[in-house]
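Single-letter residue listing:
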Amino acid sequence: MRRRTFLTASAASAASALVPLQTANAATDLTMRLPAPTGPWPVGTTTRALTDPHRSDPWNGAPTRELALTVFYPARAVQGYQRAPQLAPAAAEVFKTLDAGVLHPELPTSGVSWGATLTHSYVDAPALPGRRPTLVYSPGGADPRTIGTSLAEDLAGHGYVVLILDHPGEASEVVFPDGRLRVIEISPDVQTDPVQSRLMMDTRFADLRFVLERLTELHPSIDLHRVGVYGHSAGGATAAVSLEQPQVRAAANLEGYLDTLDGELYPIAAHGTRKPLLLAGTDGFRDERFDRTWSAVLSHGGPVRRVQLSDANHWIWTDYAAFAPQLQSAGLMTAAAQAKLVGASRCAVPAVRRLVREFFDRSLTFPASSASSE
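Residues numbered from 1 in each chain as written. Predicted model: local features only at pLDDT ≥ 70, side-chain atom pairs only at ≥ 80, totals over all residues. Heavy atoms only, no water.

**Structural notes on the overall build of the chain**
Then step 1. Tallying secondary structure elements over the chain gives 10 helices and 12 strands in all.
Then step 2. Computed over C-alpha atoms, the radius of gyration of the chain comes to 19 Å, within 12% of the 21 Å expected from 2.2 N^0.38 for 374 residues, which places it in the range of a compact globule.
Then step 3. Oriented by its inertia axes, the alpha-carbon framework of the chain measures out at about 55 × 50 × 45 Å.
Then step 4. Taking the contacts inside the chain whose residues are at least 6 apart along the sequence as the reference set, 79% of them involve residues at least 24 apart.
Then step 5. Approximately 14,600 Å² of the chain is accessible, and the part contributed by carbon and sulfur atoms is 53%.
Then step 6. Here the chain contributes 34 positively and 37 negatively charged side chains, and the mean placements of these two sets differ by 5 Å. (Helix = DSSP H or I, 4+ residues; strand = E, 2+ residues; numbered from the N terminus. Rg over C-alpha atoms; globule rule 2.2 N^0.38 Å. Contact = heavy atoms within 4.5 Å. Areas by Shrake-Rupley, 256 points an atom, 1.4 Å probe, with all protein chains shown as cover. Lys, Arg positive; Asp, Glu negative; His and termini not counted. Charge placed at Lys NZ, Arg CZ, Asp CG, Glu CD.)

Structure representation (structure tokens):
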């Protein structure tokens, strides 16, 4: 079974001490650059928090479950507004010792100013008038929502409202709108213990259901009649399962298994769906578990499509697809490490952007010419 690294904060600190550091000078540290959105509209952004009073938090025992989201949306104007950083300063401090080198051993442990990267979105810029088709993104296990920024910005530039969601306690680091920082708390046992794994996924499913129930509170441009969900890895499974919710019209599963750790198919795989579902994978991460669980969905017919990207690997669906070539060019990542992380494709970012956007354009009946306000 494929496994990725999950570490608690204390384990991560211990592990990071074992990672050999590269020579770096803070004054010359590399600043990573996100690719610009390709749509006709400038992009605005804001952050939101939600509290579910009816659920306790399974990871820290809090009596309520708090969630953090970033919203991207087509803006009317951005002059006079500031570009948002990809990572808040507190998140960047954790990222450089936890995500880099520990959760993702392919990333360099020094030589990069992770907190210096700017998005192409402007904080609290006024929104374009009208209701917009709306997408919700769930990241992969242990990954923060912030590494889904590039795809979300591109979709927003093409007229979508996009909400990227963190799953606190499971994500490496989460910064809430009020500045509070929460670092990963989930046990590494989640990779091998079916009970813990099921708890993680059930928590994700419940997080997403709660966000869907509260969409109208999160941005005035949201169109409740055109809602889709996409996600990566564990977030891909979360997206596919979300099709059970009446609000969701289409979902894109970007390389997520559709069964529990002990092999029980999720209902979406066991019974199929009559809603559009994209199953998108890579040749570098394909295995028997994908073939078994994705074939189960496909066997029921319906508007389900499977696509495989070539010369690609598991994190091609994230901002690492843009970062890895920059790191390799700077001598901070080997070609082998890049291939392991995202693959060797030279057109990774445009390929992923085009695949996801065209799927939702078709599935949510969003004509390419409808970039004008509604």
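**Re helix α3 (residues 149-157)**
Then step 1. With 9 of 9 residues buried, α3 is to be regarded as a mostly interior element.
Then step 2. If you check which residues of α3 are buried, you get Thr149, Ser150, Leu151, Ala152, Glu153, Asp154, Leu155, Ala156 and Gly157.
Then step 3. Note on α3: the residue one or two positions beyond its end, Gly159, has a positive phi of about 110°. (Buried < 20%, exposed > 50% of the residue type's maximum accessible area, 1.4 Å probe, protein only.)

**Things to note about the sheet that holds strand β2 (residues 65-74)**
The strands making up a sheet associate through hydrogen bonds between their backbones, and the pairing can be parallel or antiparallel.
Then step 1. With mixed pairing, the 10 strands of this open sheet are ordered in space as β3-β4-β1-β2-β6-β5-β9-β10-β11-β12. Edge strands, defined here as strands with exactly one partner in the open sheet, are β3 (83-85) and β12 (304-309). On average, adjacent strands in this sheet sit at an angle of 30° to one another, irrespective of strand direction.
Then step 2. Relative to strand β9 (residues 222-232), strand β5 (residues 132-138) is paired through 6 bridges, and the arrangement is parallel. (Pairing = 2+ DSSP bridges. Axes fitted to C-alpha atoms, helices over the stretch in contact; angles between N-to-C directions.)

**Some points on unusual backbone geometry**
Then step 1. Of note, the phi angle at Glu255 is positive, near 65°, even though the residue is not glycine.
Then step 2. Within the element layout of this structure, Glu255 appears in the loop between β10 (248-254) and α6 (267-271).
Then step 3. Located in the positive-phi region is Asp311, a residue other than glycine, with phi close to 55°.
Then step 4. Secondary-structure assignment places Asp311 in the loop between β12 and α8 (320-329).

**Quick notes on empty space enclosed by the protein**
Then step 1. Taken as a whole and judged by the stated rule, the model has 2 cavities of 30 Å³ or more.
Then step 2. Looking at the largest cavity, its volume works out to about 100 Å³.
Then step 3. Within the residue set of the lining of the largest cavity, elements represented by two or more residues are α3, α8 and α10 (348-363).
Then step 4. When residues in the lining of the largest cavity are grouped by element, the largest group, 3 residues, is from α10. (1 Å grid on protein atoms, 1.4 Å probe; cavity = no way out; pocket = protein on both sides within 12 Å on 5 of 7 lines; lining within 4 Å. Points joined across faces, edges and corners; volume = space filled by probe spheres on them.)

**A few points about the packing of aromatic side chains**
The geometry of an aromatic ring pair comes down to the distance between the two centres and the angle between the two planes.
Then step 1. Overall, the coordinates contain 9 aromatic pairs when judged by the stated rule.
Then step 2. Geometrically, the ring pair formed by Phe359 and Phe360 is edge-to-face, given 4.9 Å between the ring centres and 65° between the ring planes. Taken as a pair, Phe359 and Phe360 share a single burial class, namely buried.
Then step 3. Aromatic rings pair up to connect Tyr137, Tyr230, Phe359 and Phe360 into one cluster. (Phe/Tyr/Trp six-rings, centres within 6.5 Å; stacked < 30°, edge-to-face > 60°.)

**A few points about the pairing of strand β1 (residues 43-52)**
Then step 1. Summarising the sheet, β1 and β2 pair through 10 bridges and their orientation is antiparallel. Among the inter-strand pairings, Thr47 is bridged to a residue of β2, identified as Thr70.
Then step 2. Direction of pairing for β1 relative to strand β4 (residues 118-123): parallel, over a ladder of 3 bridges. The residue of β4 that forms the bridge with Val43 is Ser121.

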